[in-house]
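# Structural overview for review
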Amino acid sequence: MSSSTASARLLASSSLISQGAEAKVYKGTLTPGGVPIVLKYRFKKTYRHDSLDATLTKARVAGEARALLRCLRSGVNVPGIRMVDASEGILGIEWIEGNSVKHLLPSGAAEDVDGDEEVPTGLHAYTLEDYGLSADTLMGLIGVEIAKMHLADIIHGDLTTSNMMVRKASSQLVLIDFGLSYHSTLVEDKAVDLYVLERAFASTHPDSEPMFASVLSAYGKQVGKEWPALRRRLDEVRLRGRKRSMVG
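Criteria and thresholds
- Residues numbered from 1 in each chain as written.
- Predicted model: local features only at pLDDT ≥ 70, side-chain atom pairs only at ≥ 80, totals over all residues.
- Heavy atoms only, no water.
- Pairing = 2+ DSSP bridges.
- Helix = DSSP H or I, 4+ residues; strand = E, 2+ residues; numbered from the N terminus.
- Axes fitted to C-alpha atoms, helices over the stretch in contact; angles between N-to-C directions.
- Expected span 1.5 Å × (residues − 1).
- Buried < 20%, exposed > 50% of the residue type's maximum accessible area, 1.4 Å probe, protein only.
- Contact = heavy atoms within 4.5 Å.
- Polar contact = N/O pair within 3.5 Å; in protein donor to acceptor, adjacent residues only side chain to side chain.
- Salt bridge = Lys/Arg side-chain N within 4 Å of Asp/Glu carboxyl O.
- Core = buried A, V, L, I, M, F, W, Y, C linked by side-chain atoms within 4.5 Å.
- Domains from an automatic or database assignment.

### Regarding the sheet that holds strand β4 (residues 81–85)
- Ordered in space as β1-β2-β3-β5-β4, the 5 strands form an open sheet in which the pairing is antiparallel. Of all strands in the sheet, those with a lone pairing partner are β1 (15–19) and β4, marking the two edges. Between one strand and the next, the sheet's axes are offset by a mean angle of 20°, whatever the strand orientation.
- Examined bridge by bridge, β1 and strand β2 (residues 24–29) share 4 bridges and lie antiparallel to one another. The residue of β2 that forms the bridge with Q19 is K24.

Printed below as a string of C-alpha cells:
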C-alpha cells in the first residue's frame, strides 16, 4: 500500500474536530481500537501552484516535526510525535487529554470553543481546582515551559492560552500547535514570542497583568543569565507595539 493511500485511509477513518485556514485537525488511531492521536492535515491550497504548494506543505510539516523533536530532546513538555507523512501534509501527534489554559483561567471564555484550537477535548467544565492548581502555580508552569523552549532556541510563533494544555492525569503543562514555530537564537525573536503571549493574555483574560507578571518571573528564573537582555528587548518590543497602536 502506498504512503498516500495509507494516509488517505487514516484520515477517512478519523473524526474531524476543527479546521483552520492552514489545516484540518482530526482525532484518530493508527490501529483499530488503538490509543487516540491528533492528526494535523495541511490540505492543498488551490490558490497556489501545485508544485509550490507541495514544496511548502512538505517543508512546514517537516519543520513542525523538527521543532517538536528538538523540544522533546530538551525536556520541554510537548506532544510526542506518532507519525509523519510530509509528502501528504500529515503530522500525527500525541492526544493530550485535558483542558486548554484558556478555559481554565479566571475570566476565560469557558463557553467559547475556539475553532483554531488544535486539541479540543470536551472537558471544559473542569476548573483549576480539579487539577489541584492555583492560577499562580499555573502561571509558573507556563513560564518554565516557555523558558525551556527558548533555551532550546525554538520560537513558538503563536503563543496563546489556547495553545497550552493541562493534562488531566498529571496536571502537567503542555505546549501545543507548533505550526508557526522556527529555530532562532535571536533575543529579538524570543522577546516577540513573549510579547505575543502578553497581548493574548490582555485580549482573552481581563485584569491579566498580575498573571503575566508571574509568567515572566518564572521565565526569568528559568533562563537565568539570559533574562536581563531578554527583559530589555521585551520592553523595546512593547514600546514599538504601543507606537503602532497609537498610529493605528
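After presenting the structure, the write-up continues.
### Considerations on helix α6 (residues 209–223)
- Taking 1.5 Å per residue, 15 residues should reach 21 Å; α6 reaches 21 Å between its end C-alpha atoms and fits that length.
- Taken as a whole, α6 has its buried residues at M211, F212, S214, V215, L216, A218, Y219, G220 and V223.
- Immediately downstream of α6, the backbone of G224 shows phi near 65°, a positive value.

### Some points on the sheet that holds strand β9 (residues 173–175)
- Pairing within the open sheet is antiparallel, and its 3 strands lie in the order β6-β8-β9. Of all strands in the sheet, those bounded by a partner on one side alone are β6 (98–100) and β9. The average angle at which neighbouring strand axes cross in this sheet is 30°, direction not considered.
- Taken together, the 3 bridges between β6 and strand β8 (residues 164–167) define a ladder with antiparallel strand orientation. Directly across from G98, in β8, lies its bridge partner R167.
- Across the sheet, helix α4 (residues 135–151) lies against β8 and β9, angled at about 40° from β9, the strand it touches most.

### Digging into the side chain of H103
- Mapping H103 onto the fold places it in helix α3 (residues 101–104).
- Judged by its relative accessible area of 5%, H103 is buried.
- Polar contacts involving the side chain of H103 include one to the side chain of S100, which spans 2.7 Å.

### Quick notes on the pattern of salt bridges
- Using the criterion set out here, one finds 15 salt bridges in the structure.
- A salt bridge links K148 to E145; its shortest N-O distance comes to 3.0 Å. Linking K148 with E145, this pair stays in helix α4, spanning 3 residues, or about one helical turn. Across the pair, E145 and K148 agree in class, each one buried.
- Across the salt bridge formed by R238 and D235, the nearest N and O atoms sit 3.0 Å from each other. Placement of both R238 and D235 in helix α7 (residues 227–247) is noted, with a separation of 3 residues, approximately one turn of the helix.
- On the basis of relative accessibility, which here comes to 18%, the residue R238 falls in the buried class.

### Notes on the pairing of strand β5 (residues 90–94)
- Most of β5 sits out of view: 5 of its 5 residues are buried.
- Two strands pair when backbone bridges link them, and strand β3 (residues 36–41) and β5 are joined in this way by 5 bridges, in the antiparallel orientation. From the neighbouring strand, V38 faces β5, where its bridge partner is I93.
- Of the pairings in the sheet, the one linking β4 to β5 comprises 4 bridges and is antiparallel in character. Across the sheet, the residue bridging to D85 is I90, located in β5.
- Two successive antiparallel strands, β4 and β5, enclose a turn made up of 4 residues, where G89 displays a positive phi of approximately 75°.

### What to know about the nonpolar core
- Among the nonpolar cores identified, the biggest contains 47 residues, and L138 and I142 are the most heavily contacted of them.
- Two domains each donate at least three residues to this core, and these are domain 1 (1–95) and domain 2 (97–248).
- Ranked by size, the runner-up nonpolar core spans 9 residues in total, among them L10, I37, F43 and M83.

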